[in-house]
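# Architecture and fold: a report
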Amino acid sequence: MSERKSTSFSSKVGLIMAAAGSAVGLGNIWKFPYIAGENGGGAFLIVYLLCVLLFGMPLIMTEFLIGKRSGKSAFGAFRALNGNDRWQWLSWLCMMTAFIIMGFYFVVTGWCFNYLFEAVRHTFDGFGTEALTAHFATVSSNTPRMIGFSLLPVVLTAAVLWFDVNTGIERLSKLLMPLLLLMMLLMAGRVLMLDGSNVGMRFFFQTDFSKITPKVIMEAMGQCFFSLSIGMGALITYGAYMPKSQNVTGTSVQVIILDTLVAILAGIIIFPAVFAFGFNPAEGPQLVFVVLPAIFEQMSFSWFSGVLFFSLLCIAALTSTISLMEVAVAFVCEASEAFANNGKKKHGKAFNRHQSVLIVSALVGGLIVLCVLSMTGAFSGLTFFGHNLFEWFDEVTACIMLPIGALGMSLFVGWCLPKNGEKGVLHADKGIKRWFRKIYIFVLRWLVPIAIILIFLNSLGVL
Ligand code: PHE
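### Details of the site of the ligand
Close contacts around the ligand come from 14 residues, with Ala23, Gly27, Tyr105, Phe226 and Ser229 the closest. A distance of 2.8 Å is found between an oxygen atom of the ligand and a backbone nitrogen or oxygen belonging to Ala23. For the ligand, an oxygen atom lies 3.1 Å from a polar atom in the backbone of Leu26. When the ligand is considered free in solution it has 320 Å² of accessible area, and contact with the protein chains removes 100% of it. Among the cavities detected, the one that contains the ligand is the largest cavity. Contributing elements (two or more residues each) for the shell around the ligand: helix 2 (12–23), helix 3 (26–38), helix 11 (214–227) and helix 15 (302–340). Taken together, the residues of the shell around the ligand break down into six nonpolar, eight polar and no charged.

### Re the side chain of Gln246
Looking at where Gln246 falls in the secondary structure, it is placed in the loop between helix 12 (234–241) and helix 13 (248–277). Relative accessible area serves as the criterion here: at 2%, Gln246 is assigned to the buried category. Within polar-contact distance, the side chain of Gln246 engages the side chain of Thr251 at 3.0 Å. Among residues more than four places away in sequence, those in contact with Gln246 are Lys12, Leu15, Ile16, Lys68, Thr251 and Asp429.

### A look at the environment of Gly267
Examined against the element boundaries, Gly267 turns out to sit in helix 13. Gly267 gets classed as buried once you look at its relative accessible area, which sits at 0%. Each C-alpha atom, one on Gly267 and one on Ile450, is 30 Å from the other, the two residues being 183 residues apart in sequence. Residue contacts for Gly267: discarding those within four places in its chain leaves Phe204 and Pro272.

### A word on the state of the cysteines
For the coordinates displayed, the defined rule picks out zero disulfides. Unpaired in this structure, Cys333 has its nearest cysteine sulfur neighbour in Cys94, at a distance of 16 Å. Between Cys371, a cysteine without a disulfide, and Cys112, which holds the nearest cysteine sulfur, the sulfur-to-sulfur distance is 14 Å.

### Remarks on the side chain of Thr251
In this structure, Thr251 sits in helix 13. The buried category is assigned to Thr251, whose relative accessible area is 2%. The residues contacting Thr251, other than those within four sequence positions of it, are Leu15, Ile16, Phe64, Met242 and Gln246.

### Some thoughts on helix 2
Counted at 1.5 Å a residue, the expected span for helix 2 with its 12 residues is 16 Å, and the 17 Å between its end C-alpha atoms agrees. The element helix 2 is largely enclosed, with a buried count of 10 among its 12 residues. All of the buried residues along helix 2 are Gly14, Leu15, Ile16, Met17, Ala18, Ala19, Ala20, Gly21, Ser22 and Ala23.

### Some details on the nonpolar core
Among the nonpolar cores identified, the biggest contains 167 residues, and Trp30, Phe55, Met102, Phe225 and Phe309 are the most heavily contacted of them. Here the element with the most residues in this core is helix 6 (residues 88–120); it accounts for 19 residues. In contact with Met102, other than residues within four places in its own chain, are Leu324, Met325, Ala328, Val360, Val364 and Ile368.

### Some thoughts on a nonpolar patch on the surface
Together, Leu411, Trp415, Phe442, Trp446, Leu447, Ile450, Leu454 and Leu463 make up an exposed nonpolar region whose accessible area comes to about 780 Å². Listing elements by their share of the nonpolar patch, those giving two or more residues are helix 17 (389–416) and helix 18 (434–460). Secondary-structure assignment places Ile450 in helix 18.

### Some remarks on empty space enclosed by the protein
It is the rolling of a water-molecule-sized probe over the atoms that shows where space remains empty. Scanning the entire structure with this criterion turns up five cavities of 30 Å³ or more. Roughly 150 Å³ of volume is contained in the largest cavity. What lines the largest cavity is a set of 19 residues, among which Ser22, Tyr105, Phe226, Ser229 and Leu324 lie closest to the centre. The set of elements that each furnish at least two residues to the lining of the largest cavity consists of helix 2, helix 3, helix 6, helix 11 and helix 15. When its residues are assigned to classes, the lining of the largest cavity shows 11 nonpolar, eight polar and no charged.

Cut-offs and rules
- Residues numbered from 1 in each chain as written.
- Predicted model: local features only at pLDDT ≥ 70, side-chain atom pairs only at ≥ 80, totals over all residues.
- Heavy atoms only, no water.
- Near = heavy atom within 4 Å.
- Polar contact = N/O pair within 3.5 Å; in protein donor to acceptor, adjacent residues only side chain to side chain.
- Areas by Shrake-Rupley, 256 points an atom, 1.4 Å probe, with all protein chains shown as cover.
- 1 Å grid on protein atoms, 1.4 Å probe; cavity = no way out; pocket = protein on both sides within 12 Å on 5 of 7 lines; lining within 4 Å.
- Sits in = over half its atoms within 2 Å of the grid points.
- Helix = DSSP H or I, 4+ residues; strand = E, 2+ residues; numbered from the N terminus.
- Nonpolar A, V, L, I, M, F, W, Y, C, P; charged D, E, K, R; others polar.
- Buried < 20%, exposed > 50% of the residue type's maximum accessible area, 1.4 Å probe, protein only.
- Contact = heavy atoms within 4.5 Å.
- Disulfide = S-S within 2.5 Å.
- Expected span 1.5 Å × (residues − 1).
- Core = buried A, V, L, I, M, F, W, Y, C linked by side-chain atoms within 4.5 Å.
- Patch = residues over 30% accessible without salt bridge, like charges linked within 9 Å, V, L, I, M, F, W, Y side chains within 5 Å.
- Salt bridge = Lys/Arg side-chain N within 4 Å of Asp/Glu carboxyl O.
- Points joined across faces, edges and corners; volume = space filled by probe spheres on them.

Interpretation in functional terms is not warranted from these geometric data alone.
Structure, rendered in structure tokens:
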């Protein structure tokens, strides 16, 4: 613990940027457009925004408060606050969710690195709609290439955690966010000038209420948790790093606004282009990778724009993978320490941070190889209920594991812990006004758990 405390963030802005760096990532730019495209565009957007309003604020605040009050990562926080092991299953769930998300997230990050590499080499200059779609299929089915490109970001993420360079992340995020937003604004401006872009805007912003099905609601809730990094303890870690004087409410609002802005901007870039160039909005996970190169073709300084955007995308992905891997690394460190010191007899030595980074990287590397093989390699024939491993990892974490994690945390803080007074979680932030505390507790106790359970039941067809 002392090791982690020494690496507190140097400024409040730095922490906001790092938490936003965790939230803003492939979830906004890769996943949001493809899930929205598959689920009816405008119908999905409206349900997504409602989920952000209902779940975003109380749950981000909850994770920050758990971290800030306990000063611990997802492994130690529940025990430290509760004084017993009854909620320890939540730490295990957080750790497992982190691993499974990493299993597919690094593969998509690998696609980004591959496209960056190709953008530098002009590979897709002059490609039309069909050639771009075929190109993605060729690239993503090249097993050794995909394994190589997916393991590259694992090494980079491990290096950041190895050297414990939070100030580095902080500086990187501070530079990245404004640059990413600026670049996306420029791209949106260019795309909106394309002939036929209004069809895409209508698809994205016009709500056809008949398209809101239980599946759309479930997907929107899952996407909200995934995009805001809620439900697996990543933000508990950042809460533990928070300077005492930092205001939890304000930080949460800023992270939510930034994350939602980037997702909507991604939609404004992708959908008009999809319709203007004749792509299919329900293309699936490859959507942005086939559409983006077509957009750069249309931009002035096309080589520079492509290289800059894919670089920013890779960095945005890395600031998210850092927060994912940190959960697993802290877990291995602290769990092995707890095991080693358990009882009177010594059970060997605990793993230090470096050993934990190596163990986690090796395990994640294994998952990634399995995931790539399930898409294109030796196991590609192996599907369960029509989905390969990659699709399962993506779906199960967003729609099942993150919501259960979030449900657990809302019940833990809402019902189990004292709220006010010296021992209360809200003691971690004395700046929260009384009326706001009341609303927060009410929403956390009732609205959040009931909504999650109803959405589950609804999607199972029980309601
Ligand atoms: N929120 C990240 C993104 O949008 C992904 C993520 C999920 C990161 C869960 C940490 C925890 O890309």
